[in-house]
Amino acid sequence: MKRANFLLIKKAADLRHSDITPKSVYLDRRKFLAAIPAAFLAGKEMLSPSARALAAAKLPNLVKSPLSTTGETVNTYEDVTHYNNYYEFGTRKNQPATLAQKLKTSPWTVSIEGEVEKPLKLSMDDIMKIAPIEERIYRHRCVEAWSIVVPWAGYSLSELLKKVSPTPKAKFVAFESLYDPKVMWTPEQAGIPLPYVEGLRLDEAMHPLALLCVGMYGETLPPQDGAPVRMVIPWKYGFKSIKSIVKIKLVTKQPPTTWNISNAPEYGFYSNVNPHVDHPRWSQATEQRLGEGEKKLGIVVPSRRPTLMFNGYGDQVASLYTGMDLKKFY
Ligand SMILES: Nc1nc2c(c(=O)[nH]1)N[C@H]1C(S)=C(S)[C@@H](COP(=O)(O)O)O[C@H]1N2
Ligand SMILES: [Mo]
């Protein structure tokens, strides 16, 4: 039984965006971790109710969205907040839950600029007022072949883009995350260039499913999930869903994206969920839905489910890619 468990852990560890960790970085990381006081390592669940309320505020006037994926079991808050990818705050899934608590999310400004008639610099208060905040339950599928179902909160990015009036020259949208070297890892420690950058074609960004996300589970976002504002693009692999956004720039040419810069053969610009196009190091045909498995002799043996084309959002988004070879534009 121990042996089976070990094998499962080993297998999961193989499916990582990046496996290249120089020895010096590893040693440096251990030093870094040793400096964290034990009390700080406690998760949100261990905070008093009042401390928890400070960490995440309830979102008033949430409206249900017709764009929600229904009929699937929503993952637990614990799963969604303790199994994260946020390389600025660690390269292991459990690190962002503790290390990202240092992220200062207020005051916060998002600049919307570039090929627009009315550039804007918005506070979080401004962002909360652009459109009604909807609860949208989406499937979220990481390129590492695990998935979750999350009740996000936000509104279509198109609502924000309409406010700035993109010029006819705008063809792509470039996003940039905060980079604060005082609280975040260095690019050497993270193994990727920072700040984290992402991009979408303008028509993808204008698709109603592309969510500008300000919350989850009826509350504001916790830092490890990309507070105070992030993207959620449910038909694409998770890495397109950039966290803690400070800049949105409308541009004429396809912008650089973090995982493509760091490993172009493995990560393209489009990154649509596609069970027929395997990652060079593993299959994309199936996925592990976190929390799903069969209990055998006291341990939960993870089970796999088939991955759906466009993560199950094909009816809505397939027309964006008519005539494109999705093996070439991976
Ligand atoms: N700034 C930033 N955004 C990021 C990442 C990151 O490391 N930094 N990781 C991406 C990856 S690989 C995934 S799978 C999702 C994970 O989102 P979640 O932790 O909320 O599930 O965030 C994406 N956004
Ligand atoms: Mo990911």
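So, how was this worked out
Residues numbered from 1 in each chain as written. Chains lettered and ligands numbered in written order. Predicted model: local features only at pLDDT ≥ 70, side-chain atom pairs only at ≥ 80, totals over all residues. Heavy atoms only, no water. Helix = DSSP H or I, 4+ residues; strand = E, 2+ residues; numbered from the N terminus. Buried < 20%, exposed > 50% of the residue type's maximum accessible area, 1.4 Å probe, protein only. Contact = heavy atoms within 4.5 Å. Areas by Shrake-Rupley, 256 points an atom, 1.4 Å probe, with all protein chains shown as cover. Near = heavy atom within 4 Å. Polar contact = N/O pair within 3.5 Å; in protein donor to acceptor, adjacent residues only side chain to side chain. Pairing = 2+ DSSP bridges. Axes fitted to C-alpha atoms, helices over the stretch in contact; angles between N-to-C directions.

## Let's talk about the overall build of the chain
Per the secondary structure count, the chain includes 11 helices and 15 strands. For the chain, the residues scored as buried account for 52% of the 330 residues in total. Contacts spanning at least 24 positions in sequence make up 72% of the contacts within the chain whose residues lie at least 6 apart. Carbon and sulfur atoms make up 60% of the accessible area of the chain, which amounts to about 15800 Å² in all.

## Quick look at the site of ligand 1
Around ligand 1 lies a shell of 18 residues, among which Y87, E88, D225, R230 and K243 are the nearest. The contact in question runs from a nitrogen atom of ligand 1 to an N or O atom on the side chain of E88, over 2.8 Å. Between a nitrogen atom of ligand 1 and a main-chain N or O atom of S241, the distance comes to 2.9 Å. Contact with the protein chains hides 100% of the accessible area of ligand 1, taken as 530 Å² for the molecule alone.

## As for the sheet that holds strand β3 (residues 120-123)
Across the sheet, which stays open at both edges, the five strands sit in the order β3-β2-β11-β6-β7 with mixed pairing between neighbours. Looking at the sheet topology across the chains shown, the edges are occupied by β3 and β7 (197-201). On average, each strand axis in the sheet is tilted by 15° relative to the strand beside it, whichever way the strands run. Here strand β6 (residues 172-177) pairs with β7 via five bridges, running antiparallel. Its bridge partner being in β7, V173 is matched across the sheet by L200.

## Examining unusual backbone geometry
The step from S106 to P107 runs through a cis peptide bond, and the omega angle for that step is 0°. Residue placement: P107 occurs in the loop between α5 (96-99) and β2 (109-114). Phi at S271 is positive, roughly 55°, even though this residue is not glycine. Note that S271 resides in the loop between α10 (258-262) and β12 (286-289). Looking at S271, the relative accessible area reads 4%, which means it is buried. Look at N311: it is not a glycine, yet its phi comes out positive at around 55°. Secondary-structure assignment places N311 in the loop between β15 (305-306) and α11 (314-317).

Take it as geometry only, folks, not as evidence of what the structure does.
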